[in-house]
Amino acid sequence: MWAAVRHYSSKTLFLKPAKFDVKRIIRDIGLYKDSIARRELVGQEQLVGALDGQLAATYERTKDIHAKISAVQTERKALEFSIRQHKVHGDEVLKELRLLKSQFSALAEQLQGANSEIQDICLRLPNLIHESAPDTAPVIDRWINRGLYESFEQQENRDHVYIMTKCKQLLDLASASNISGNSWYYLINEGAQLETALVNYALDQAEKHGFQRCIPPSIARKEIIDACGFTPRDMNNEKQIYEIEDGNNKLGLTATAEITLAGMNANKILDLDENNPTKRLVGVSRSYRAEAGARGKDTKGLYRVHEFTKVELFCWSLPQHSEKVLEDLKEFQVKLISDLGLCAQVLNMPANDLGNPAYKKYDIEVWMPGRGKFGEVSSTSNCTDFQSRRLFTRYQNKESSKLEYVHTLNGTAMAVPRMILAIIENFYDPSTNMVTVPSPLIPYMNGKTKF
């Protein structure tokens, strides 16, 4: 079903109402219909129907109502002026004035209703899609360290759960299941040390690439979560967000630091110009996914879990620079994974895999021998002005002096459990029962080269 747009009590709202360029949406209505169809959105017929039969007509109706309001206001002001200047009185005059005020109230109510209809449609619209995005299957953009593996067949004794629980005391799933339930875990000994090593490695590399460090909250208002495009359920109808009831406040645990990093500049005007076209943050936080592996896929071990540490990259950009920023984010991720000595493929993701905010997205999948296939460890997206319009994040265009909406981009610097999985499965030697530490991580592992 086509879900209704969430409404919040004005007493608890932090965000201003999202502002949309309705004229542009009507002009590009064919592109939006194409985006809806290619994304294979649930309830797409209703949304396309609203675009075809409602948006333009309602927008024209608002212009007609504005004209009627203007006429009523002009007549009312003339009558009030006449009363003041000429001392015109009498029941008929007062009756006419009351009628004009009543007409104004009725028209204002009609305008509010029409604007609300337009707002609801615009809020439901996905972003447009970059022309290079494929339709239904990812396209390999490039390979990383392709020559490091010889076969796609599953290799014996390379399963990370077997290695980390049976051979090494690195992972405790049984105790976590007793304490927290399925898809939770304890990392212990070098398993825990590997997590902190990966986090610090990613943070240091991001800082060298111009990102400022940030430790963001892991709880956000639901209006912020919604504005970032994270609906209660994802494209597979699995629940994404843990919701928290706190009196009148609707809160949620963040599925990624992207949410609270984006919210950091909500309702703000950023100081961006051609000399300083981007603002970049790297944030490390715990992330929460409510239905990790709920459909029975990858429920064993660290690939799909409810809680994990994630290092997230977030950028605010001048619109004309955002496509280059996306490529820069991808190159950063490629180098990070390449330097760890992992084999991976960089994928230009298809339209039916894009969330509503994404204009274009790259995923990086690393070879995981224990799974016998590649697994996603990294993603980066250009959301253009989808989030900034909903979060009211703007900059002042120096040429026009107008306030315009920034573009937002996000990328994974390190999804820790999956990287641990990849390192264990790729660098474990069954003959010695040892794991070789990738060289960039050795300084963060107190000099250990193997464990």
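Everything quoted here is computed from the prediction, not taken from an experiment.

About the thresholds
- Residues numbered from 1 in each chain as written.
- Predicted model: local features only at pLDDT ≥ 70, side-chain atom pairs only at ≥ 80, totals over all residues.
- Heavy atoms only, no water.
- 1 Å grid on protein atoms, 1.4 Å probe; cavity = no way out; pocket = protein on both sides within 12 Å on 5 of 7 lines; lining within 4 Å.
- Points joined across faces, edges and corners; volume = space filled by probe spheres on them.
- Helix = DSSP H or I, 4+ residues; strand = E, 2+ residues; numbered from the N terminus.
- Nonpolar A, V, L, I, M, F, W, Y, C, P; charged D, E, K, R; others polar.
- Pairing = 2+ DSSP bridges.
- UniProt positions renumbered as here; feature names shortened; annotations may be inferred.
- Buried < 20%, exposed > 50% of the residue type's maximum accessible area, 1.4 Å probe, protein only.
- Polar contact = N/O pair within 3.5 Å; in protein donor to acceptor, adjacent residues only side chain to side chain.
- Expected span 1.5 Å × (residues − 1).
- Domains from an automatic or database assignment.
- Contact = heavy atoms within 4.5 Å.
- Buried area = accessible area lost by both parts, 1.4 Å probe.
- Salt bridge = Lys/Arg side-chain N within 4 Å of Asp/Glu carboxyl O.
- Phe/Tyr/Trp six-rings, centres within 6.5 Å; stacked < 30°, edge-to-face > 60°.
- Lys NZ or Arg CZ within 6 Å of the ring centre and 35° of its normal.
- Core = buried A, V, L, I, M, F, W, Y, C linked by side-chain atoms within 4.5 Å.
- Axes fitted to C-alpha atoms, helices over the stretch in contact; angles between N-to-C directions.

Under the criterion given, the structure shown has two cavities of 30 Å³ or more. Estimated volume of the largest cavity: approximately 50 Å³. Per-element accounting of the lining of the largest cavity gives the leading share, four residues, to strand β16 (residues 407–415). By residue class, the composition of the lining of the largest cavity is seven nonpolar, three polar and no charged. Roughly 40 Å³ of internal volume is contained in the second largest cavity.

Pairing of strand β6 (residues 243–246) with strand β7 (residues 249–253), which is carried by four bridges, proceeds in the antiparallel orientation. Bridge assignment links Glu 243 to a residue of β7, and that residue is Gly 252. Where β6 folds back onto β7 in an antiparallel hairpin, the turn is made up of two residues, including Gly 247, whose phi is positive at roughly 65°.

What follows concerns the UniProt feature "binding site: ATP" (unreviewed entry) in the protein. Annotation from UniProt places "binding site: ATP" (unreviewed entry) at Arg 289, Ala 290, Glu 291, Val 305, His 306, Glu 307, Phe 308, Glu 376, Val 377, Ser 378 and Ser 379. Cross-referencing the annotated residues with the lining of the largest cavity gives Val 377 and Ser 378. Counting through the fold element by element, Val 305 comes out in the loop between β9 (278–288) and β10 (307–317). With relative accessibility at 5%, the residue Val 305 sits in the buried group. Turning to its location among the elements, His 306 is positioned in the loop between β9 and β10. At 3.4 Å, the side chain of His 306 and the backbone oxygen of Asn 182 are in polar contact.

As a further point, take helix α4 (residues 91–124). The end-to-end C-alpha distance of α4, which contains 34 residues, comes to 50 Å, matching closely the 50 Å that a straight helix rising 1.5 Å per residue would cover. Taken together, the buried positions of α4 are occupied by Val 93, Leu 97, Leu 100, Leu 107, Leu 111, Ala 114, Ile 118, Asp 120, Ile 121, Cys 122 and Arg 124.

Segmentation of the protein into domains returns domain 1 (22–124) and domain 2 (139–444). With eight residues of domain 1 at the contact, the number on the domain 2 side is ten residues. Together, the buried faces of domain 1 and domain 2 total about 690 Å²; carbon and sulfur atoms form 36% of this surface. Applying the counting rule to domain 1 against domain 2 returns one salt bridge. Between Arg 24 and Asp 385 there is a salt bridge whose closest N-O contact spans 3.7 Å. Linking domain 1 with domain 2 are five residue pairs in polar contact (both at pLDDT 80 or more), by the criterion used here. Those elements that provide at least two residues to the side of domain 1 that touches domain 2 are α2 (29–39) and α4. Here the side of domain 1 that touches domain 2 gets three residues from one element, more than from any other, and that element is α4.

Attention now goes to the packing of aromatic side chains. All chains considered together, the criterion is met by six aromatic pairs. Taking the centre distance of 4.8 Å and the plane angle of 65° together, the rings of Phe 314 and Trp 316 count as edge-to-face. Taken as a pair, Phe 314 and Trp 316 share a single burial class, namely buried. Ring pairs connect the aromatic residues Trp 143, Trp 367 and Phe 374, which therefore count as one cluster. The ring of Tyr 362 carries the charged tip of Lys 330 above its face, separated from the ring centre by 4.3 Å. A cation over an aromatic ring shows up here: Arg 371 above the ring of Tyr 303, its NZ or CZ 3.9 Å from the ring centre.

As paired strands, strand β5 (residues 219–221) and β7 are joined by three bridges and run antiparallel to one another. When the sheet's bridge partners are listed, Ala 220 is paired in β7 with Gly 252.

Following the sequence through the fold, His 66 ends up in helix α3 (residues 44–86). When the C-alpha positions of His 66 and Asn 178 are compared, they lie 63 Å apart, and in sequence the two are 112 residues distant.

Moving on to the nonpolar core. Formed by 57 residues in total, the largest nonpolar core has its most connected members in Leu 198, Val 311, Met 414, Ile 420, Ile 424 and Leu 441. The element that contributes the greatest number of residues to this core is helix α7 (residues 190–208), accounting for eight residues. Once residues within four sequence positions are removed from consideration, Leu 198 is found in contact with Leu 340, Met 414, Val 416, Met 419, Ile 420, Ile 423 and Leu 441. Ranked by size, the runner-up nonpolar core spans 24 residues in total, among them Cys 214, Ala 255, Leu 272 and Leu 391.

This part covers the sheet that holds strand β12 (residues 360–368). Sheets are built from strands that pair by backbone hydrogen bonding, the pairs being arranged parallel or antiparallel. Spatially, β1-β11-β12-β13-β16-β10-β9-β4 is the arrangement adopted by the eight strands of the open sheet, whose pairing is mixed. Two strands close off the open sheet at either side, each with one partner strand: β1 (139–144) and β4 (212–214). Taken pair by pair, the neighbouring strands of this sheet meet at an average axis angle of 25°, ignoring direction. Together, β4, β9, β10 and β16 form the strand contacts of α7, whose direction differs from that of β10 by roughly 5°. With respect to the sheet, helix α12 (residues 416–427) is in contact with β10, β12, β13 (373–382) and β16, its orientation differing from that of β16 by roughly 40°.

What follows concerns the pattern of salt bridges. Applying the stated criterion across every chain yields a total of 26 salt bridges. Residues Asp 52 and Lys 33 are paired through a salt bridge, measuring 3.0 Å at the closest nitrogen-oxygen approach. Of this pair, Asp 52 sits in helix α3 while Lys 33 sits in helix α2, placing them 19 residues apart in sequence. For Lys 33, a relative accessible area of 28% gives the class partly exposed. In this structure, Asp 328 and Lys 324 form a salt bridge, with 3.0 Å as the shortest nitrogen-oxygen distance. Of this pair, Asp 328 and Lys 324 are both found in helix α10 (residues 322–339), four residues apart, which corresponds to roughly one turn of the helix. On the basis of relative accessible area, Asp 328 is assigned to the partly exposed category, the value being 29%. In this structure Lys 324 comes out as exposed when scored by relative accessible area, which is 54%. Among the charged side chains, a salt-bridge network with shared partners connects Asp 141, Arg 142, Glu 327, Lys 330 and Glu 331.

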